[in-house]
Amino acid sequence: MPRFRAQDLKRLGRDLFATVGVPPSEADLVSGHMVDSGLLGHDSHSVLRFPQYTEMVRKGQVKPGAELEILHDRGGVVQVSGGWNFGPVTATRAAELAIERARSHAIVAVTVRDCNHVARLGRFVDLIARQGNLIGVLCANGHGSDLAVAPYGGRERRLPTNPLAVGIPTRRSWPIVLDMTTSMTSGGALRDYRNRGSAVPEGCIIDGHGRLTTDVEDYYGDPPGAMLPLGFPTVGHKGFGLALVVDILAGALSGGGCSQADPPQTGNALFFTVYDIAAFRGLDGFLGEVDDFIDWLKSCPPMEGFGEVMLPGENSHRIHEARRREGMEVDDTAWGQIAALAGELGVNLPDPVESA
């Protein structure tokens, strides 16, 4: 697989998006969001999405330049519309709005509708947590659409992967960032397995007849398969229950809509909550408590097959440091698709730093 410098991939994405009419600041934000996802080890939400996001603009699904519109405002509770701009643009603006409101409100809630696919949720709670005094919680559904997951006990798609993310500040060089789907795998991961010709881990998907399978093509088949809820098979009811709650918080409160049979448009509806730590207790005391807790957890002797206990966000921080130095690999299938699109649009490709 070819390996590239992160800054070269960011330039490539920015040029691809700008060529189809995306304003420079938005093209830079979206490209940076995708490359940063790859730097953190989330390849399923990284540069393999360049063609998808470019096509979304060309098909009119994305409306570049659309501003964030406040629909309802009660100070600490705000409902906004993204105007169907890029999801990362809308979600970043919503996070910034929540941060601004947290200066005068102990607890802030922002719901978002008319928002396209946001990719990695962790970016936005990381942005909140790095303020140093705020905790951010974010959940998302598919804006009524993007059905991919079977409910526990069912065999057809009824839910999206309905992810949630939490960002908590620490005194370390990385915040705690929990970023997870409520399903056993994700759509981006399945794309990655497909590109690499890899089997899907057991217990993650079923085929169109409800049978367990590890062949990713069964998910994309006719009839289509489905992902399974988190915890399948023994405690899949817990993942399903969590997905249901996320769907209602993100879809029903925002007005974007809960998952349904015939949604008008696909995207992400979002539910942000932000907490000002100082409204609950002194910030120094909180950070000290969290630091002691981290030390306690990491002092646990590792079981066989593990080197150490790692917290949410810690391994991504280490991957980021390594990939920033050594470059990012892009799988051959994804790179072929990107190269074809770049050729069509007249965009120059970067040179790889090495091949692996």
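For the structure itself, look to the data block above.
Quick summary incoming for the structure in this document. (Residues numbered from 1 in each chain as written. Predicted model: local features only at pLDDT ≥ 70, side-chain atom pairs only at ≥ 80, totals over all residues. Heavy atoms only, no water.)

Remarks on the packing of helix 2 (residues 24-39) against helix 4 (residues 87-101)
As a packed pair, helix 2 and helix 4 sit with axes 9 Å apart at the nearest point and diverge in direction by 95 degrees. It follows from the interaxial angle that helix 2 and helix 4 lie roughly perpendicular. Across the interface between the two elements, E26, L29, V30 and H33 of helix 2 pack against P88, V89, T92 and R93 of helix 4. Of the residues in the contact of helix 2 with helix 4, the class split is four nonpolar, two polar and two charged. (Axes fitted to C-alpha atoms, helices over the stretch in contact; angles between N-to-C directions. Helix = DSSP H or I, 4+ residues; strand = E, 2+ residues; numbered from the N terminus. Parallel < 35°, antiparallel > 145°, perpendicular 65-115°, else oblique. Contact = heavy atoms within 4.5 Å. Nonpolar A, V, L, I, M, F, W, Y, C, P; charged D, E, K, R; others polar.)

Digging into the sheet that holds strand 9 (residues 212-213)
With antiparallel pairing, three strands are arranged side by side in an open sheet as 9-8-10. With one partner strand each, in any of the chains shown, strand 9 and strand 10 (226-227) form the two edges of the open sheet. Where strand 8 (residues 205-206) meets strand 9, two bridges bridge the pair, whose relative direction is antiparallel. What sits directly across from I206, in strand 9, is L212. (Pairing = 2+ DSSP bridges.)

Digging into the pattern of salt bridges
Inspection of the entire model under this criterion finds 26 salt bridges. Of the charged contacts, one joins E100 and R101 as a salt bridge, the two residues approaching to 3.4 Å between their closest N and O atoms. Using a relative accessible area of 37% as the deciding quantity, one classes E100 as partly exposed. Bridged by salt links that share partners, the residues K298, E308, E314 and R318 form one connected network. (Salt bridge = Lys/Arg side-chain N within 4 Å of Asp/Glu carboxyl O. Buried < 20%, exposed > 50% of the residue type's maximum accessible area, 1.4 Å probe, protein only.)

Some points on unusual backbone geometry
It is generally the case that most residues other than glycine have a negative phi and that most peptide bonds are trans. Along the chain, D222 connects to P223 via a cis peptide bond; the corresponding omega equals 5 degrees. Position of P223 among the secondary structure elements: in the loop between helix 7 (216-219) and strand 10. With an omega of 5 degrees, the peptide bond between F232 and P233 qualifies as cis. With a phi angle near 65 degrees, W84 is a residue other than glycine that sits in the positive phi range. Following the sequence through the fold, W84 ends up in the loop between strand 3 (77-81) and helix 4. We note that N162 has phi near 40 degrees; this positive angle belongs to a residue other than glycine. Within the secondary structure, N162 is located in the loop between strand 5 (134-141) and strand 6 (164-168).

Some words on the sheet that holds strand 3
The mixed open sheet is built from seven strands, whose spatial order is 2-3-4-11-5-6-7. Among the strands making up the open sheet, the edge pair consists of strand 2 (69-73) and strand 7 (176-180). The average angle at which neighbouring strand axes cross in this sheet is 15 degrees, direction not considered. In the packing of helix 5 (residues 122-129) onto the sheet, the strands contacted are strand 5, strand 6, strand 7 and strand 11 (269-276), and the crossing angle to strand 5 comes to about 165 degrees.

Structural notes on the nonpolar core
What tends to happen in soluble globular proteins is that the nonpolar side chains get buried as a cluster. In this structure, L9, L16, F17, F50, Y53 and F86 are the most contacted members of the largest nonpolar core, which totals 31 residues. Broken down by secondary-structure element, the contributors of at least two residues to this core are helix 1 (6-19), helix 2, helix 3 (50-58) and helix 11 (332-345). If you tally residues by element for this core, the top one is helix 11, at six residues. With residues up to four places along the chain from it excluded, the contact list for L16 reads F50, T54, L341, A342, L345 and V347. (Core = buried A, V, L, I, M, F, W, Y, C linked by side-chain atoms within 4.5 Å.)

Things to note about the pairing of strand 2
Pairing analysis gives four bridges linking strand 2 to strand 3, with the strands arranged antiparallel. The residue of strand 3 that forms the bridge with E69 is S81. Joining the antiparallel neighbours strand 2 and strand 3 is a turn of three residues, in which G75 adopts a positive phi near 85 degrees.

What about a nonpolar patch on the surface?
A cluster of nonpolar side chains, contributed by L244, V245, I248, L249 and L253, occupies part of the molecular surface with about 390 Å² of accessible area. Positionally, L244 belongs in helix 8 (residues 236-254). Overall, the relative accessible area of 39% leaves L244 in the partly exposed class. (Patch = residues over 30% accessible without salt bridge, like charges linked within 9 Å, V, L, I, M, F, W, Y side chains within 5 Å. Areas by Shrake-Rupley, 256 points an atom, 1.4 Å probe, with all protein chains shown as cover.)

Here we look at the packing of aromatic side chains
The tally for this structure, following the rule as stated, stands at five aromatic pairs. Ring plane angle 85 degrees and centroid distance 5.8 Å describe the contact between F17 and F50, whose orientation is recorded as edge-to-face. Residue F17 is found in helix 1, and its partner F50 is found in helix 3; the two are separated by 33 residues along the sequence. In terms of burial, F17 and F50 fall into one category: buried. Ring geometry for Y53 versus F86: centroids 5.6 Å apart, planes at 10 degrees, classification stacked. (Phe/Tyr/Trp six-rings, centres within 6.5 Å; stacked < 30°, edge-to-face > 60°.)

So, the side chain of T182
Residue position: T182 is located in the loop between strand 7 and helix 6 (187-196). Engagement of the side chain of T182 in a polar contact is seen with the backbone oxygen of T161, the distance being 2.9 Å. Polar contacts involving the side chain of T182 include one to the main-chain carbonyl oxygen of N162, which spans 3.1 Å. Excluding anything up to four places from it in sequence, T182 contacts T161, N162, L164, P229, L230, G239, L242 and A243. (Polar contact = N/O pair within 3.5 Å; in protein donor to acceptor, adjacent residues only side chain to side chain.)

Description of helix 3
Within helix 3, seven of the nine residues are buried, leaving the element largely enclosed by the surrounding structure. Of the residues making up helix 3, those classed as buried are F50, P51, Q52, Y53, T54, M56 and V57. Those residues of helix 3 that are buried are in contact with helix 1, helix 2, helix 4, helix 6 and helix 11. With its phi angle positive at about 85 degrees, G60 sits one or two positions after the end of helix 3.

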